[in-house]
Amino acid sequence: WAAGIVPVAGALGGYLTGSNTGAGAVSMPLATALVPAGEARLAVIAAAVVAGSLLTAVSPVRVTMGQVLIKATTPETGQAMRALWPWFALVVGLTTAIALAAAQLA
């Protein structure tokens, strides 16, 4: 199950940094430590970067940048975030599936 942590860490890295580079930076050291070398490690790292990339859409960094660029009011930002909840739920579900698959690969 240790390999299943790697995509979740990648998703958190993407969410917190707003970048799939952040997803890789958080997940690659974990993958190196937790997953044996070979194709399984590459698949787990790819899963982590994909999960991180998906969560960049709702990253606080990106939401704030978008709010500032369009000069959105707080109620408008709240409305946009409520509209993104289905996406967020979908990404959390996909990340869970990716983590389970990664755990089975390793």
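Because the structure is predicted, anything quoted here is derived from the model rather than measured.

Colleague: Residue-level account of the overall build of the chain, with values.
Modeller: Counting its secondary structure elements, the chain contains 5 helices and 0 strands. Mapped from its N terminus to its C terminus, the chain presents α and β elements in the order α-α-α-α-α. In terms of principal-axis extent, the alpha carbons of the chain reach across some 50 × 20 × 15 Å. Burial statistics for the chain: of 106 residues in total, 32% are counted as buried. In the chain, of all internal contacts separated by at least 6 residues, the share reaching a separation of at least 24 is 75%. Put simply, the chain shows about 6000 Å² of open surface, and 73% of that area lies on carbon and sulfur atoms.

Colleague: Which residues make up the confidence of the model for the chain, and what are the values?
Modeller: Atom-level detail of predicted coordinates should not be read off regions where pLDDT is low. Taken as a whole, the chain shows an average pLDDT of 83; of its residues, 97% reach a score of 70 or greater. Mean pLDDT across the elements of the chain bottoms out in helix H3 (residues 39-55) (81) and peaks in helix H4 (residues 60-70) (89).

Colleague: Can you lay out the packing of helix H1 (residues 2-17) against helix H2 (residues 20-34) for me, pointing to particular residues and giving the numbers?
Modeller: Where H1 contacts H2, the axes come no closer than 7 Å and their chain directions differ by 165 degrees. Taken together, H1 and H2 sit at an angle that is classed as roughly antiparallel. Crossing geometry of H1 relative to H2 is assigned as right-handed. On H2, the residues touching Ala2, Val6, Ala9, Gly10, Gly13, Gly14 and Thr17 of H1 are Gly22, Ala23, Val26, Ser27, Leu30, Ala31 and Leu34.

Colleague: Mind laying out the nonpolar core, listing which residues take part and the relevant values?
Modeller: Here is a general trend for soluble globular proteins: nonpolar side chains tend to be buried in one another's company. In terms of nonpolar packing, the biggest core is built from 8 residues, these being Ala3, Val6, Ala31, Val35, Val44, Ile45, Ala48 and Ala102. Among the secondary structure elements, those contributing two or more residues to this core are H1 and H3. Broken down by element, the residue count for this core peaks at 3 residues, all from H3. In terms of nonpolar packing, the next biggest core, distinct from the first, is built from 5 residues, Ala11, Ala51, Val58 and Val91 among them.

Colleague: Describe H3, naming the residues involved and giving the relevant values.
Modeller: Counted at 1.5 Å a residue, the expected span for H3 with its 17 residues is 24 Å, and the 25 Å between its end C-alpha atoms agrees. Listed in full, the buried residues belonging to H3 are Val44, Ile45, Ala47, Ala48, Ala51, Gly52 and Leu55. Summarising the axial view, the buried residues of H3 lie within an arc of 155 degrees, below the 170-degree limit, and thus occupy one face. Exposed and oriented more than 90 degrees from the buried face of H3 are Glu39 and Leu42.

Parameters and conventions
- Within each chain, residue numbers correspond to sequence positions counted from 1 in written order.
- Owing to the predicted nature of the model, reporting of local features is limited to residues with pLDDT of at least 70; listing and counting of side-chain atom pairs is limited to 80 or more, with chain, interface and lining totals taken over all residues.
- With hydrogens and water set aside, each side-chain value is computed from the structure's full complement of heavy atoms.
- Elements are defined by DSSP. Helices are runs of H or I of four residues or more, strands are runs of E of two residues or more, and each kind is numbered from the N terminus.
- Accessibility here uses a 1.4 Å probe with only protein chains present; expressed as a share of the type maximum, an area under 20% marks a residue as buried, one over 50% as exposed, and anything in between as partly exposed.
- Residues count as neighbours in contact if any of their non-hydrogen atoms are within 4.5 Å of one another.
- What sets the accessible areas is the Shrake-Rupley method with a 1.4 Å probe; for residues, cover comes only from the shown protein chains.
- Each residue carries a pLDDT score, the predictor's confidence in it, ranging from 0 to 100.
- Between N-to-C directions, angles cover 0 to 180 degrees, with each direction set by a line fitted to C-alpha atoms, over the stretch in contact for helices.
- Note on angle classes: values under 35 degrees are labelled roughly parallel, values over 145 roughly antiparallel, values of 65 to 115 roughly perpendicular, and the remainder oblique.
- If you view the pair so one helix is near and one far, a crossing is left-handed when the near helix is turned anticlockwise from the far one by less than a right angle, and right-handed when it is turned clockwise.
- Take the buried residues of types Ala, Val, Leu, Ile, Met, Phe, Trp, Tyr and Cys, join any two whose side-chain atoms come within 4.5 Å, and each joined set is a nonpolar core.
- Expected span, for any helix, means 1.5 Å times one less than how many residues it has.
- In this context, the arc is that of the directions from the helix axis out to the C-beta atoms.

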